[in-house]
Each structure stands twice: as structure tokens, then as C-alpha cells.
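Okay, here's what each chain looks like letter by letter:
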Amino acid sequence: MVQAHLELPDLSPPPVLVVSDLRKTYRETVAVDGVSFAIPPGEIVGLLGPNGAGKTTIVNIILGVLEPNTGSIRIDGIDLLRRRSAALAFTNFSAVYAALPGNLTVEQNLRVFGLIYEVPALAERIEDLLVRFDLVRFRGAKSGVLSSGEQTRLSLAKALLNRPKLLLLDEPTASIDPSAAREIRDLIRAFAEENASAVLWTSHNMYEVEEVCHRVLFLSRGRVLLEGDPKLLPHEHGAATLEDLFVKVARERLHPEHS
Amino acid sequence: MRARRVAAVALRQFYLYSGSATRVVPLFAWVAIDITLWGFISRYLNSVALPGYNFIPALLGAVLLWDFLARVLQGVSTAFLEDVWSRNFLNMFATPLQISEYICGLVITAVVTSLIGLLTMLALAAAAFGLSFVAYGAALVPFVLVLFLTGIALGIAGSAMVLRLGPASEWFLWPMPALIAPFAGVYYPVSTLPGWMQAISRLLPPSYVFDGMRAIVRHAPWDMRSLAIGLALSVLYIVIAAIFFRQVYRFAVRTGLLARYNAESPS
């Protein structure tokens, strides 16, 4: 009797972000060296590593403001290098080093970027975000006069304007107090769950990473050194905590002969 | 090209102007000072020169039209510099915004700001010095159009230079009209210039405008078709300037200059 071999279709959703064999050099300096990873919908991935490991370079490449030497990026199936505008329509970001123009008010900034992202029903979306990020009382204030925590909330409100399928966060809570940081983490986690958005999160706060991220990628000298669940990874590599593991990876970078 | 994205770039500039007297006043102030100064110079020259030649339409009119070109150039470049000054490139270019949409937004800003300057100059020159553009007849429309298009081309090219060379190179933008003026024959006929300068003049669209303007004022014969050369050149320069800006932008993305713009160097 011939047994019928039934192949089940792959029902897992396609990844929102696929980064393949990314490489970027600045003259002789290799900033990113053959990095590949993917993020499915709803997953929050932490991109960790010491300063200069290549985290911001990778974020800049995914944001389309830096071209890799080789490799490819697909956002929601769209090739970023070939169809930049279409791919970035599904993306947004918040970075500690990219404050919104301080000479526009909170509401003006949200309206300008809402138009750029072609957000439908923009006025309602802005109201919703002003409430959600506790910015209602600052709507008419120039962004430049806000405290760093308020500016971070504004930057995050901008980042969620278009309900991005891919959200890039470069140290989003670096300049805010622990209480506000917790609120921000909760908001982003809720957003990722509600919208099935993929999130790429860089941070030097290992407590935060362990709390928020489903998976982490440890970068060192432009390469992905380790990858896994932030709660399990330290024990798998003989470290007590994620912070200990981070320090270990960072020291290996400083003393490569020991690695 | 998406209209909402173009509108966003222009709206950002409108917000900046609406909330800032220091941005609005220069739209009127410098052109008013120029018209006042050259208005009196023209009036004085009329009093000492031989009768029969009127310096008001010839000289003051030329100053007014040249100031208009300078206002257009500055309208584009200042709108671009607002993104330099507020370190906004990452926010702007890490979005779906296309370069063509960005440039269109800058041009719309320049249309509005330069028209404010032009209307101010026209009102002051007419009210204080009796300058009437009726003297130029139907040629006024192509005159203004050629100067407008040339100002746009210079503004885009100058902005591309600043994008390429870094924030400290913004000084490069301000003297551009003064550098071109001697070749463009703004204040004197192109025939006054030596041969090599005349050769450069023939490549500059404004030289056709100012030669035509002086011919009309002198009631001398003038072939309006020569203005078509100026118009064609100005359109060509806009295309070249837009390509130049796009190429510089691509260089900035490829080398990392855009991501590290304030470092003024890609590495």
C-alpha cells in the first residue's frame, strides 16, 4: 500500500523584516559584517552590543539613510534598496539622537510627519496619540522647550503615527526616569501586540531588554555573536545575568585574543 | 509624487514663518531697503544725465527684478537650511518622502516667499518712485518667469552643495547672486563686457531678460524670441540642478554623510 505523504502548508506569518548578509564598511573600518536576521509580526527583538558594535549603523541602513556595501533588506516583503519609499511607508522610528524640530510645536510636528506618512484620519490619530503619551497639555508648546522625557514621548508618538509594521527604537528610554520608562515600555509592548508590529529595539539597559524583548541579538565588531531568549541566554553562556553577559561580550571586543 | 508629502514639506515652512517675526521681516525689509536706495540713485542719475533716458525703469526696474531672483534663490535655500539648522535630515529622509517631493515642497515655499517680496518691491517702487511695469508690456511675464526658474535652479544647486559640503558651507549660498550679477548684465548691457565674460553671459538666462528690458526702455528693436533661449536655458538648469541634488543625496546615503551630517564628513 502506498502511503500518501501530505505536506502541511507553512501557516506561520511571513517576517516583517528580513535582513540578509548585510555588510557596511567605512574605508578600512568594517562597521557591519555579514549580519542576517528576521523579525516576525509581533516580536520585539533587542539589538545589543557595546558602543561601536554596529547597532546604529544597522538601524540607519534599515531606515534607508545609509546604503550597505552588500546585502539586502525586505520590509513587509518589499526590497528597501529598490523601493525605498514604499518600504519606509510601513516603517517608523524613534532615536535618542534624532529629536524632532524644536522650533515646531508638538501638534505641528505630529501633523507634518503625519502628512509625510499619509496617515488617514490624521486629526483623530494625533488626538489619540496626544492622550496616549500624555502630551495634551503640551500640544501648543514648541518641542524644543519640552523636557527630555517629554521630547522622548513626542518622538515615540511620532513613531507610532502610521501604525508601522516595523518599529525601530534606538535607545528610546535613554533620557527618561524609571517610572516614565516603564510606562513607555508598556505602551510599546501593547502597540506591538495590538498591531502585530515587529520591533527592533536597541538599549544599554539590560533590565529593560530582559523585560521587553522576546529575543536578543548580541553584536560585537559588526557581527551577531549570540542570539536567543534574553531570560535563558545568560545561563546558556555561563553568566549570572544579561548584564554580565553583555560585559563579557564587550570585554571580548576589547581583548579579541581571549575570545 | 504624493501631494500630501509635498504639502507636508511646505506646511513645515509655513509653521516656521507663522510663528516667527524674525523670519517674516526679512521678506520685506531687505527688498524695501534696496528699492529705496536704488530708487534715489536712479532719481539722482535722471537729474544729472542727458534728458530722454529714464533710469527709473532701466536701473530701478533691473534692481527689482534681480532682487526677485535673489529672493527665489533664498526661498529655496533657506527652506532647505531650516532642516540643516534643526538637524532634521534623519527625521525627514528616514520616511517615505522622495527627493522630488522634498524639492517640490521647497519650491512651493519659495513661490510664496518670493511673491511677498515681489509685491512689496512693486508697491514701494511704484508709490515712491513712479516705476510702472506697464512700460515693459507683455514681456514682463516671461521676464519674471525666466528669473523665477533661474532662482529655483540656483537654489536647488546651492542646497545640493551645502548637502555635499556640510553645514559650515551655508555661506556659499548667500553671495551667489552677487557672483552671477556681473556676468548677467543686470546694471549694464552685456556688450560692455569683454569677450570671455560675454561668452559666459550667453549661458545665463537673466542676461536675455536684462538686455530685453533695456531695449524696451530705450524703444530699441528687440527680438522677443531671444527670450526663448533664456527660458529654455532656465528649464535646462532646473533639470540639471535637480539631477545634481539627487546625485549628491545618493552620495550622502552611500557614504554615510547623511546619517552623520553634522560631522561634515562621511568617515
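Residues numbered from 1 in each chain as written. Chains lettered and ligands numbered in written order. Predicted model: local features only at pLDDT ≥ 70, side-chain atom pairs only at ≥ 80, totals over all residues.

Draft legend 1. Broad picture of the overall build of chain B. Helix and strand counts for chain B stand at 10 helices and zero strands. Counting from the amino terminus, chain B carries its helices and strands in the arrangement α-α-α-α-α-α-α-α-α-α. Computed over the C-alpha atoms, the radius of gyration of chain B is 20 Å, within 12% of the 18 Å expected from 2.2 N^0.38 for a compact globule of 267 residues. Dimensions of chain B, computed from the C-alpha atoms along their principal axes, are close to 65 × 40 × 30 Å. Taking all 267 residues of chain B together, the buried fraction comes to 47%. Pairs at least 24 apart in sequence give 75% of the contacts found in chain B among residues at least 6 apart. (Helix = DSSP H or I, 4+ residues; strand = E, 2+ residues; numbered from the N terminus. Rg over C-alpha atoms; globule rule 2.2 N^0.38 Å. Buried ≥ 20, exposed ≤ 12 C-beta atoms within 10 Å, placed from the backbone. Contact = placed C-beta atoms within 7 Å.)

Draft legend 2. Quick look at the interface of chain A and chain B. The interface of chain A with chain B comprises 24 residues on the first partner and 25 residues on the second. Looking at the side of chain A that touches chain B, the elements with two or more residues in it are α2 (84-88) and α3 (106-116) of chain A. Take the side of chain A that touches chain B: its biggest share by element is four residues, from α3 of chain A. Taken together, the residues of the side of chain A that touches chain B sort by class into 15 nonpolar, six polar and three charged. (Nonpolar A, V, L, I, M, F, W, Y, C, P; charged D, E, K, R; others polar.)

Draft legend 3. Region of interest: the packing of helix α6 (residues 140-165) of chain B against helix α10 (residues 226-255) of chain B. Residues and elements named next belong to chain B. At their nearest, the axes of α6 and α10 sit 8 Å apart, and the two run at 20 degrees to each other. When the axes of α6 and α10 are compared, the pair comes out roughly parallel. For the element pair α6 and α10, the recorded crossing hand is left-handed. Each residue belonging to the contact of α6 with α10 can be placed in one class, and the counts come to 23 nonpolar, four polar and one charged. (Axes fitted to C-alpha atoms, helices over the stretch in contact; angles between N-to-C directions. Parallel < 35°, antiparallel > 145°, perpendicular 65-115°, else oblique. Left-handed = near helix turned anticlockwise from the far one by under 90°.)

Draft legend 4. Just the sheet that holds strand β10 (residues 223-228) of chain A, in detail. Residues and elements named next belong to chain A. What the six strands build is an open sheet, ordered β6-β7-β8-β3-β9-β10; its pairing is mixed. Here the strands that pair on one side only, and so sit at the sheet edges, are β6 (91-95) and β10. On average, each strand axis in the sheet is inclined to that of its neighbour by 20 degrees, with strand direction left out of account. Pairing analysis gives five bridges linking β6 to strand β7 (residues 166-170), with the strands arranged parallel. The partner of T91 across the bridge, within β7, is L166. (Pairing = 2+ DSSP bridges.)

Draft legend 5. The arrangement of the domain arrangement of chain A in detail. All names here are of chain A. When cut into domains, chain A gives domain 1 (25-90 + 165-259) and domain 2 (101-163). A C-alpha centroid distance of 25 Å is found between domain 1 and domain 2. Taken together, the contact between domain 1 and domain 2 spans 11 residues of the former and nine residues of the latter. With five residues, the single largest contributor to the side of domain 1 that touches domain 2 is helix α6 (residues 178-195). Split by residue class, the side of domain 1 that touches domain 2 holds eight nonpolar, two polar and one charged. (Domains from an automatic or database assignment.)

Draft legend 6. Focus on the packing of helix α3 (residues 55-85) of chain B against α6 of chain B. Residue and element names in this part refer to chain B. Put simply, α3 and α6 touch, their axes get as near as 8 Å, and they point 30 degrees apart. The pairing of α3 with α6 is recorded here as roughly parallel in orientation. In the packing of α3 onto α6, the handedness of the crossing is right-handed. Residues that form the contact of α3 with α6 fall into these classes: 16 nonpolar, seven polar and no charged.

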